[in-house]
Amino acid sequence: MRDFEYLTPNTLKEVLDILDSKRDEVRVVAGGTSIVPMLKQRLVAADTLVSLQNIKDLKGIRFATDGLHLGATTTHREVEISPQVKKEYPLIAESYSKVATVKIRNSATVAGQLVQADPYQDGAPCHIAMNSKVNIISKGGKRTVDVEDFFADYYMAKLEPNELVSEVVVPKQPANLKTVYLKFLPRTEDDYATVSVAVAAAVEGGICKHIRIGLGSVGATPVRATAAEKELLGKKVTKDLIEKAAATVKDQISPLDDFRGSGAYKSDMAVVFLRRALEKVLEG
Amino acid sequence: MPKADIRLKVNGKSHRVEVEPRRLLVDCLRYDLGLTGTKEGCSMGICGACTVIMNGKTVASCLTLAVQADGAEITTIEGIAPGEGKLHPLQQAFIDKGGFQCGICTPGQIVAAKALLDYNPKPTKEEVREWMMGNLCRCTGYYKIIDSIVAAIGK
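It should be emphasised that the depicted structure is a prediction, and the values quoted were computed from it without experimental measurement.

Right, let's talk about the overall build of chain A for a bit. Secondary structure summary: chain A contains 11 helices and 14 strands in total. Radius of gyration (C-alpha) of chain A: 19 Å, near the 19 Å computed for a compact globule of 284 residues. Reported as C-alpha extents along the three principal axes, the dimensions of chain A are approximately 60 × 45 × 30 Å. Counting across all 284 residues of chain A, residues that qualify as buried make up 56%. Of the roughly 11,900 Å² that chain A leaves accessible, carbon and sulfur atoms contribute 49%. Once the 39 positive and 37 negative side-chain charges of chain A are each reduced to a mean point, those two points are 4 Å apart.

What follows concerns the sheet that holds strand S1 (residues 5–7) of chain A. Through backbone hydrogen bonds, the strands of a sheet pair up, either in parallel or in antiparallel fashion. Residues and elements named next belong to chain A. Taking strand neighbours across the sheet as the criterion, the three strands line up as S1-S3-S2 in an open arrangement whose pairing is parallel. In the strand order of this sheet, the two ends are held by S1 and strand S2 (26–29), each with one partner. Across the sheet, the axes of successive neighbouring strands diverge by a mean angle of 25°, strand direction being ignored. Looking at chain direction, S1 and strand S3 (residues 48–51) are connected through three bridges and run parallel. Bridge pairing links Leu 7 to Val 50 in S3. Each of S1, S2 and S3 touches helix H1 (residues 12–22); the most contacted strand, S2, lies at about 150° to it.

What follows deals with the interface of chain B and chain A. Every contact between the two is made by 24 residues of chain B and, on the other side, 28 residues of chain A. Summing both partners gives a buried area of about 2,300 Å² for chain B against chain A, and 61% of it is carried by carbon and sulfur. At the boundary of chain B and chain A, one finds zero salt bridges. One can count eight residue pairs in polar contact (both at pLDDT 80 or more) joining chain B with chain A.

All names here are of chain B. Over its 14 residues, helix H3 (residues 106–119) runs 20 Å from end to end, which matches the ideal 20 Å to within 8%, given 1.5 Å per residue. Here H3 lies mainly inside the structure; 12 of its 14 residues are buried. Residues Thr 106, Pro 107, Gly 108, Gln 109, Ile 110, Val 111, Ala 112, Ala 113, Lys 114, Ala 115, Leu 116 and Leu 117 constitute the buried set of H3. Looking at the packing, one finds that the buried side of H3 touches strand S3 (51–54), strand S4 (57–60), strand S5 (73–75), helix H2 (89–97), helix H4 (125–131) and helix H5 (143–152).

All names here are of chain B. What you see with strand S1 (residues 4–10) is a clean split: Ala 4, Ile 6, Leu 8 and Val 10 sit on the buried side and Asp 5, Arg 7 and Lys 9 on the side with no burial. Linking S1 back to strand S2 (residues 13–19) in an antiparallel pair, the connection comprises two residues, with Asn 11 at a positive phi of about 50°. Inspection of the sheet shows S1 paired to S5 by two bridges, in the parallel sense. Residue pairing in the sheet places Val 10 in a bridge with Ile 74 of S5.

We now examine the packing of aromatic side chains. The final tally for this structure, using the stated rule, is four aromatic pairs over all chains. Pairing Tyr119(B) with Trp131(B) gives two aromatic rings, centres 5.6 Å apart and planes at 25°, and the pair type is stacked. Of this pair, Tyr119(B) sits in helix H3 while Trp131(B) sits in helix H4, placing them 12 residues apart in sequence. We classify Tyr119(B) as partly exposed; its relative accessible area is 47%. Among the residues examined, Trp131(B) registers a relative accessible area of 11% and is labelled buried. Grouped by ring-pair contacts, the aromatic residues Phe184(A), Tyr265(A) and Phe273(A) constitute a single cluster. Over the face of the ring belonging to Tyr120(A) we find Arg260(A), whose NZ or CZ atom lies 5.6 Å from the ring centre. Cation over ring: Arg276(A) sits above Phe273(A), and NZ or CZ is 4.9 Å from the ring centre.

On to a nonpolar patch on the surface, then. Residue and element names in this part refer to chain B. A grouping of Met 44, Ile 46, Leu 136 and Tyr 142 is seen on the molecular surface, where their side chains present a nonpolar patch of about 340 Å² in accessible area. Within the fold, Leu 136 resides in the loop between H4 and H5. For Leu 136, a relative accessible area of 37% gives the class partly exposed.

What follows deals with the side chain of Thr248(A). By the secondary structure assignment, Thr248(A) is in the loop between helix H10 (239–247) and helix H11 (263–282). In this structure Thr248(A) touches Ala227(A), Ala228(A) and Glu231(A), once residues within four positions along its chain are discounted.

In a structure, side chains of opposite charge can pair up when their charged atoms sit close to one another. Residue and element names in this part refer to chain A. Scanning the model with the defined rule gives 28 salt bridges over all chains in all. In this structure, the salt-bridge partner of Asp 17 is Lys 13, at a minimum N-O distance of 2.9 Å. Note that Asp 17 and Lys 13 are positioned in helix H1 at a spacing of four residues, about one turn of the helix. On the accessibility criterion, Asp 17 (25% relative accessible area) is partly exposed. A relative accessible area of 59% places Lys 13 in the exposed class. Here Asp 146 makes a salt bridge to Lys 133, at a shortest N to O gap of 2.9 Å. Taken together, the residues Asp 146 in strand S7 (residues 142–146) and Lys 133 in strand S6 (residues 133–137) connect sequence positions 13 residues apart. According to the relative accessible area criterion, Lys 133 is partly exposed, its value standing at 23%. One salt-bridge network, in which partners are shared between bridges, spans Glu 148, Arg 212, Arg 224 and Glu 229.

Scoring rules and cut-offs
Per chain, residue numbering runs from 1 following the sequence as it is written. Just so you know, chain letters begin at A and ligand numbers begin at 1, following the order they were written in. Local features in this predicted model are restricted to residues of pLDDT 70 or higher, and side-chain atom pairs are both shown and tallied only at a pLDDT of 80 or more, whereas totals for entire chains, interfaces and linings draw on every residue. As a convention, hydrogens and water are excluded, and side-chain values are obtained from all of the structure's heavy atoms. A run of DSSP states H or I qualifies as a helix once it reaches four residues; a run of E qualifies as a strand once it reaches two. Both are numbered from the N-terminal end. Atoms considered for the radius of gyration are the C-alpha atoms alone. The globule rule reads 2.2 Å times the number of residues to the power 0.38. Residue exposure (1.4 Å probe, protein chains only): buried if accessible area is under 20% of the type maximum, exposed if over 50%, otherwise partly exposed. Residue-level accessible areas treat just the shown protein chains as cover; the underlying method is Shrake-Rupley with a 1.4 Å probe. Residues counted as positive are Lys and Arg, residues counted as negative are Asp and Glu, and His and the chain ends are not counted. Throughout, a charge is located at the NZ atom of Lys, the CZ atom of Arg, the CG atom of Asp or the CD atom of Glu. Each pair of strands is called paired provided DSSP finds at least two bridges between the two strands. Axis definition: a line fitted to C-alpha atoms, over the contacting stretch in the case of helices. Angles run 0 to 180 degrees between N-to-C directions. Contact definition: two residues touch when any of their heavy atoms are within 4.5 Å. The quantity reported as buried area is the accessible area (1.4 Å probe) lost by two parts once they are put together, taken as the sum for both. By salt bridge we mean one thing: a side-chain nitrogen of Lys or Arg within 4 Å of a carboxyl oxygen of Asp or Glu. Each polar contact in these results corresponds to two N or O atoms within 3.5 Å; when the atoms are within protein, one needs to be able to donate a hydrogen and the other to accept it, and residues that are neighboring in sequence are counted only if both atoms are side-chain atoms. By definition here, a helix of n residues has an expected span of 1.5 Å times n minus one. Here is the rule: rings of Phe, Tyr and Trp (six-membered ring for Trp) pair when centre to centre is within 6.5 Å. Planes less than 30 degrees apart are stacked, more than 60 are edge-to-face, and the remainder are tilted. We call a charge positioned over a ring when the NZ of a Lys or the CZ of an Arg lies within 6 Å of the ring centre and within 35 degrees of the ring normal. Within the patch definition used here, like charges are joined within 9 Å and nonpolar side chains (Val, Leu, Ile, Met, Phe, Trp, Tyr) within 5 Å, considering only residues with over 30% relative accessible area and no salt bridge.

If you want it as structure tokens, here you go:
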């Protein structure tokens, strides 16, 4: 790969100053599992790499009254094995545990995954199902965006060159929430999904009171299955309703033909896996 | 680009190396430090041949920049044996159970297995299989690798 200048600032302020002054010439590196392969393959070029390894403000898992706060450079592995995350936000622990292999998860970070904006990743569908927010900071200020609105296109997050994701917040969920993440892996266990479905739902007295659905590997960006949600919300849960809701995803997704399957096959599978996921969380 | 001065503690020994920022850890270990036990297979962090333990956790050294390892404690396959003329129980188990054929994946397998037993000294067979997913092998078909690791548990 082309050589670059490597900076290891010790404060968040220095990082933001560097991003603000160098903008398109600088890239951030956290764990490196996304950017290093891209640099090796020359898919990305950078004159300067700024490392977040010394920035303590960005690390950590915090449980607050408003929800779960995941620091930007918290590793997948740290979230995956946290007993409290597994207990209170099992879908989130599950989503990180499904990524690649242990050695990758030891380095790969929460923010790095979202900023990579690879539509085949496991994080976004689960965060969409949990209505997670991305906190973004820059020299100029800060903003918050829903994970479902964070992606523009393949490998393009909606992030300005001088901005940095500081934290991902998973809000407190309804008390009787049931969640599931189904990752269709017809090839190997360490692969990206052929299609993936994350559902978070709550049923009361047979009525669907809360439903959020995130889909992965179904197009240029992760998709929130709003049409399926609309079919289900406020209605009495029946097998027919579930099937009707699952069928609606075909209009909202456009999976690519690739070595994991044709677009048509993936569309069919999205319907199947959504139906299975809905059965799991809505029935019994 | 200015070179970086990094300090690594590898297998208990301190090293000071001058590297280009783009230097990969696998290349630094193999060529700057002469520790050629760690192999590079896929260059994409999938095959596990480049697995080393960095600050107590396995990492793909082909995806890690040497500069990212500045100040780190690293264990490579050369550091697994407890002393001159001795073998770690894992290494003995791989011999006893036939856990290798050509041997190219074996350094990565043993380092990954060591990290597992450090993290969980009594894993179930299923836990071993799941942990070892990150280490591919073209020769053995994996059964003897798993058997070797299981045989080393508690030793």
